[in-house]
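The primary structure of each chain is shown beneath.
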Amino acid sequence: MRALYEKRNDDLYCRDSRKKGKTLGYISHLHHHIELAFVKSGKTRVLVDSDEYIVESGDVIVVFPNQIHRFETLEREEYILLLINPDLLPEFSKQFTTTVPVSNLIKGAAADGELLSLIESISSTYYDNASYKDMILRGYLLAFFGKLLQKTELRDVQSCDYHVLGMILNYCIQNSDKNLSLSVLENELHISKYYISHVMSSKLHIGFNDYINSLRISNACKYLLRTDKSVTEISDIVGFNTLRTFNRAFFKQMGLTPSDYRAKMKNDSSVPSVPL
């Protein structure tokens, strides 16, 4: 599964479909954040790494950091979507850094009244401007994941590889607009370039060059939608050597030219994208 690496600067993002009407459809992507969708109605196909799930009314899908995932809307959904920096919940750092779910789908989670109440409280507080909002949200998130993880069977992953992966991704995120190669990372991180390549292919199922391109394209998507900068300017800003290389890589990843992507995303809320 070809995946876009999404760079996120926010610790918490919430989207409630009752307030923003976009569907859940997203292209394949991954990020350091935990991603969770609480589906109230509708139907979505979700692919996480090599597993496929059908998410329906009352279900929750939870994706741990650096798991590749894609959402395909089958029937327009009503949902609450959360993206959470795991550093916001250090109490669960072991679970989020050394394990992944055996199944990312929790069927019928809405039947648990406490879970349903907590996710609604997270959404309403997120959209509110009340005093102590951040502390209240963290309290709700702790309670929510405390309940949710009771319903989630976890399996261990190799923490050493994931520690190295975190170092690689962090360095690349910080320097994505610069000249990057396996040799550069080897010199900067003091890790064998062959081990770097092995960790990325085994954990992310993506080659180094494809990953760097996906990271740059993720940044380019945000410039295309949030600014009036030209495609040529954006190509240079995000780190591509030539406009031709940028256009080719963008089309390979997104199936559209940068100009077409900008036009369609501004006019069609159902075009699959990444959470913005």
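Further up the page is the structure itself.
Cut-off values and rules
Residues numbered from 1 in each chain as written. Predicted model: local features only at pLDDT ≥ 70, side-chain atom pairs only at ≥ 80, totals over all residues. Heavy atoms only, no water. Phe/Tyr/Trp six-rings, centres within 6.5 Å; stacked < 30°, edge-to-face > 60°. Buried < 20%, exposed > 50% of the residue type's maximum accessible area, 1.4 Å probe, protein only. Lys NZ or Arg CZ within 6 Å of the ring centre and 35° of its normal. Salt bridge = Lys/Arg side-chain N within 4 Å of Asp/Glu carboxyl O. Helix = DSSP H or I, 4+ residues; strand = E, 2+ residues; numbered from the N terminus. Expected span 1.5 Å × (residues − 1). Contact = heavy atoms within 4.5 Å. Polar contact = N/O pair within 3.5 Å; in protein donor to acceptor, adjacent residues only side chain to side chain.

**Remarks on the packing of aromatic side chains**
- According to the stated counting rule, one finds 8 aromatic pairs in the structure shown.
- Ring geometry for Tyr-126 against Tyr-127: centres 5.4 Å apart, planes inclined by 80 degrees, an arrangement best described as edge-to-face.
- The partly exposed category is assigned to Tyr-127, whose relative accessible area is 29%.
- With a centroid separation of 5.2 Å and 45 degrees between ring planes, the pair formed by Phe-240 and Phe-246 is classed as tilted. You'll find Phe-240 and Phe-246 in the same group, each marked buried.
- These aromatic residues form a ring-pair network of at least three members: Phe-64, Phe-92, Phe-96, Phe-144 and Phe-145.
- Across the ring face of Tyr-127, the terminal group of Lys-19 is positioned such that the distance to the ring centre comes to 5.1 Å.
- Seen from the ring of Tyr-126, Lys-133 lies directly overhead, with NZ or CZ sitting 5.4 Å from the centre.

**Structural notes on the pattern of salt bridges**
- Scanning all chains against the criterion turns up 15 salt bridges.
- Here Glu-72 ties to Arg-45 by a salt bridge, and the two come within 2.9 Å at their closest N and O atoms. Of this pair, Glu-72 sits in strand β7 (residues 69–84) while Arg-45 sits in strand β4 (residues 34–48), and the two are 27 residues apart along the sequence.
- The closest approach of N and O atoms between Asp-210 and Lys-252, which form a salt bridge, is 3.9 Å. With Asp-210 in helix α7 (residues 208–226) and Lys-252 in helix α9 (residues 243–254), the pair connects residues that are 42 residues apart, well separated along the chain.
- What makes Asp-210 partly exposed here is its relative accessible area of 27%.
- Linked through salt bridges whose partners overlap, the residues forming this network are Asp-16, Arg-18, Lys-40 and Glu-120.

**Some details on helix α2 (residues 113–126)**
- Between its terminal C-alpha atoms α2 stretches 20 Å, which fits the 20 Å expected from 14 residues at 1.5 Å a residue.
- Those residues of α2 not exposed but buried are Leu-115, Leu-118, Ile-119, Ser-121, Ile-122, Ser-123 and Thr-125.
- If you follow the buried residues of α2, they end up packed against β2 (12–16), β4, β7 and α3 (133–150).
- A distance of 3.0 Å separates the backbone nitrogen of Glu-114 from a side-chain oxygen at the start of α2, and that oxygen is part of Asp-112.

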